Amino acid sequence: MSLEAVIDPVTPASGDAYIALLGRSTWALVNAYHAVLHEKGLRPERVVIVTEEPYAQEASIAAEAIGTVSEGYGFAPAIETEILPEADFVRAGQTIRSLAGDLIRQGFDVAIDITSGRKVTVAGALIAVSVAGLDIRHIYYLAMKNTDDVAKPYMMIPRQIQQIRDIMEDAGARE
C-alpha cells in the first residue's frame, strides 16, 4: 500500500496563510513550520517565504522543504517567495504589511513566523503590521533552549529543548 492510499493529498480549505521570515537558517524556518503543523494543527492554503537578497538561494530550498513537510501532512499549499533588499527596515515593513493586508482582504487568517528572520526584517514586519492595525492571528516562534546540534529535521531534535510559541496567544490576544 502506498502512502498516497493512506493520506490523500488535498489543498486545505482552512482559510489560513503563513508568512515565514527567512534569515540565516533554513533549518529554523522549516522546523518552525513543521512544529506549527504538528503541534498547532495549522494547515495553510498559502505560504509566503520572505527573505533578503543574500538569502534568496536558500528561499527555494526552504520552499521545496515546506512542500515536502506539507505533503507529509496530506496537503499542498501554494508556496511563493518574496525577496527584499538587504537590511532595509522600511522596505521590509512595507512589503510585509502590504502582503499581510492583501491576504487578509482575500479572506485569509494570517500567521507570521519570525523564527528564522533577521532582526531588521522581524522588527520591520511587526512594527508595520501593528501600526497598520492588521489582524494577525498568530506570530510563531520556535524557541530553543540551546542551539547545539539543531540543524536537522524537527522530529530529530529532542522535544525538551524546543517549544513552539504563539506570541499572540501568549499575550492573551486570542482566547
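The coordinates are above.
Here is what the cut-offs are and how they apply
- Residues numbered from 1 in each chain as written.
- Predicted model: local features only at pLDDT ≥ 70, side-chain atom pairs only at ≥ 80, totals over all residues.
- Heavy atoms only, no water.
- Pairing = 2+ DSSP bridges.
- Helix = DSSP H or I, 4+ residues; strand = E, 2+ residues; numbered from the N terminus.
- Axes fitted to C-alpha atoms, helices over the stretch in contact; angles between N-to-C directions.
- Patch = residues over 30% accessible without salt bridge, like charges linked within 9 Å, V, L, I, M, F, W, Y side chains within 5 Å.
- Areas by Shrake-Rupley, 256 points an atom, 1.4 Å probe, with all protein chains shown as cover.
- Salt bridge = Lys/Arg side-chain N within 4 Å of Asp/Glu carboxyl O.
- Buried < 20%, exposed > 50% of the residue type's maximum accessible area, 1.4 Å probe, protein only.
- Lys, Arg positive; Asp, Glu negative; His and termini not counted.
- Polar contact = N/O pair within 3.5 Å; in protein donor to acceptor, adjacent residues only side chain to side chain.
- Contact = heavy atoms within 4.5 Å.
- Parallel < 35°, antiparallel > 145°, perpendicular 65-115°, else oblique.
- Left-handed = near helix turned anticlockwise from the far one by under 90°.
- Nonpolar A, V, L, I, M, F, W, Y, C, P; charged D, E, K, R; others polar.
- Expected span 1.5 Å × (residues − 1).
- Arc of directions from axis to C-beta.

Overall, mixed pairing links the 6 strands, which are arranged 3-2-1-4-5-6 in an open sheet. Each edge of the sheet is formed by a strand with only one pairing partner; in this case those strands are strand 3 (78-84) and strand 6 (162-166). Ignoring strand direction, the axes of neighbouring strands in this sheet form an average angle of 20 degrees. In terms of strand pairing, strand 4 (residues 109-113) meets strand 5 (residues 136-144) through 4 bridges, oriented parallel.

Our focus in this paragraph is a nonpolar patch on the surface. A surface patch of nonpolar side chains, amounting to about 390 Å² of accessible area, comprises F89, V90, I127 and V131. Residue assignment for the nonpolar patch shows that the elements contributing at least two residues are helix 4 (89-105) and helix 5 (119-131).

Residue placement: D113 occurs in strand 4. Here D113 occupies a buried position and makes no salt bridge, while the nearest side chain of opposite charge, K40, is found at 12 Å. Polar contacts involving the side chain of D113 include one to the side chain of Y18, which spans 3.2 Å. Other than its neighbours up to four places away in sequence, D113 contacts Y18, I19, A20, L21, L29, A32, Y140 and Y141.

Turning our attention to the packing of helix 2 (residues 26-40) against helix 3 (residues 56-72). It is the contact of helix 2 with helix 3, at a shortest axis distance of 10 Å, that shows an interaxial angle of 25 degrees. In terms of their interaxial angle, helix 2 and helix 3 are classed as roughly parallel. As helix 2 runs across helix 3, the sense of the crossing is right-handed. Between helix 2, through T26, L29, V30, Y33, H34 and L37, and helix 3, the contact on the second element is made entirely by E58, I61, A62, A65, I66, V69 and S70. Its residues assigned to classes, the contact of helix 2 with helix 3 shows 9 nonpolar, 3 polar and 1 charged.

Our next topic: helix 5. Taking 1.5 Å per residue, 13 residues should reach 18 Å; helix 5 reaches 18 Å between its end C-alpha atoms and fits that length. Among the residues of helix 5, T121, V122, G124, A125, A128 and V129 are the ones counted as buried. For helix 5, the angular spread of buried residues about the axis comes to 165 degrees, placing them on one side. Looking at helix 5, the residues exposed on the side facing more than 90 degrees away from the buried face are K119, S130 and V131. The inward-facing, buried residues of helix 5 abut strand 1 (16-22), strand 2 (46-52), strand 3, helix 4, strand 4 and strand 5. Phi for G133, located one or two positions after helix 5, is positive at around 70 degrees.

Per the counting criterion, the structure on display carries 7 salt bridges. For E169, the salt bridge goes to K40, with nearest N and O atoms at 3.4 Å. Placement of the pair is E169 in helix 6 (residues 167-170) and K40 in helix 2, with a sequence separation of 129 residues. Its relative accessible area of 41% is what places E169 among the partly exposed residues. Here E52 makes a salt bridge to R118, at a shortest N to O gap of 2.6 Å. One end of the pair, E52, is in strand 2; the other, R118, is in the loop between strand 4 and helix 5, and 66 residues separate them in sequence.

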